[in-house]
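One-letter residues, chain by chain:
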Amino acid sequence: MVHYPYQRILRACPDGSITRLDARAMTAMADNARNEADRTGKAVDAAKILMGAARECRANGYAGTARELYLEAIGRLTDYAGNTYSHAGRDLHYTCARMIDGIERRVYGREPEPSHLILAREFYMSLALDYEYVVLNCDNYVRYREYIEFCRRHGLDQ
C-alpha cells in the first residue's frame, strides 16, 4: 500500500483549517514546534510557538500532548523570568496555566490542587518581592505580608 501524506489528515475544512489529525501527524507537529522553539532565541516567542501547537493538539483531542506543550512553555517562561526579573511573559504564563487547569479538570473531573494558575500568581508575586529586595534594596514588609497571606489562603508552602 502506498502511503500518501494527505492520508494523515482525517478532515479538512474548505477554509483550510484542519479539524482532526491522527497521532503521527500530531506527534510530528508537536516535535516540529519544539524544534522551532529551540531555534528561537527569545523565550516569549518560543512559548507562543509551543502554545500554538498545544492549542491545535487540544482542539484535535490530544489533551496529554497539549498539556506537555503548555508545561514546556511554562518552563521556558519561568526560566526567562527567573533570570531577568521580567514580567513580559506573565500573561502567556497565566494563559498556559488556565489551559492546563482546564485539561486536568476535564480529564480528572475535579479542580487540581493547587491549581497551576495559583502557582503562576505565586511565582510572579515572589519574583516581584525578590526584585524589590535584591535589586532595589527595598524591604517592603506590607507586600511581604500580602504574599504570606496569599500563600496561606491557597495552601502553598513558602
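Please read all numbers here as calculations on a predicted model, not as lab measurements.

Peer 1: What am I meant to see in the pattern of salt bridges here?
Peer 2: For side chains of opposite charge, pairing can occur when their charged atoms come near one another. If you walk through the whole model with that rule in mind, you get 6 salt bridges. Across the salt bridge formed by Arg-67 and Glu-104, the nearest N and O atoms sit 2.8 Å from each other. Here the residue Arg-67 occupies a position in helix α3 (residues 63-84), and Glu-104 occupies one in helix α4 (residues 90-108), the gap between them amounting to 37 residues. The shortest N-O distance in the salt bridge between Arg-152 and Glu-149 comes to 2.4 Å.

Peer 1: Looking at this structure, how should I read the confidence of the model for the protein chain?
Peer 2: Low-confidence regions, as indicated by low pLDDT, have predicted coordinates that should not be scrutinised in detail. Scored by pLDDT, the protein chain has a mean of 84; 87% of the residues are at 70 or more. For the protein chain, per-element mean pLDDT is lowest for strand β1 (residues 9-12), which scores 58, and highest for α3, which scores 94. Predicted confidence is poor over residues 1-7, with pLDDT under 50, and the contacts of this stretch with residues over four places away or in other chains come to 4 contacts.

Peer 1: I would appreciate a short explanation of the packing of aromatic side chains in the present structure.
Peer 2: The description of an aromatic ring pair uses the distance of the two centres, along with the angle that the planes make with each other. Counted under the stated rule, the structure contains 3 aromatic pairs. Ring centres 6.0 Å apart and planes at 90° place the aromatic pair Tyr-94 and Tyr-124 in the edge-to-face group. Here Tyr-94, found in helix α4, pairs with Tyr-124, found in helix α5 (residues 116-134); they are 30 residues apart in sequence, far enough to count as distant. Considered together, Tyr-94 and Tyr-124 belong to a single accessibility category, that of buried residues. Measuring from ring centre to ring centre gives 5.0 Å for Phe-123 and Tyr-124, while their planes differ by 80°; the resulting arrangement is edge-to-face. Considered together, Phe-123 and Tyr-124 belong to a single accessibility category, that of buried residues. An aromatic cluster is present here, built from Tyr-94, Phe-123 and Tyr-124 joined pairwise through their rings.

What counts, and at which threshold
Residues numbered from 1 in each chain as written. Predicted model: local features only at pLDDT ≥ 70, side-chain atom pairs only at ≥ 80, totals over all residues. Heavy atoms only, no water. Salt bridge = Lys/Arg side-chain N within 4 Å of Asp/Glu carboxyl O. Helix = DSSP H or I, 4+ residues; strand = E, 2+ residues; numbered from the N terminus. pLDDT = per-residue confidence, 0-100. Contact = heavy atoms within 4.5 Å. Phe/Tyr/Trp six-rings, centres within 6.5 Å; stacked < 30°, edge-to-face > 60°. Buried < 20%, exposed > 50% of the residue type's maximum accessible area, 1.4 Å probe, protein only.

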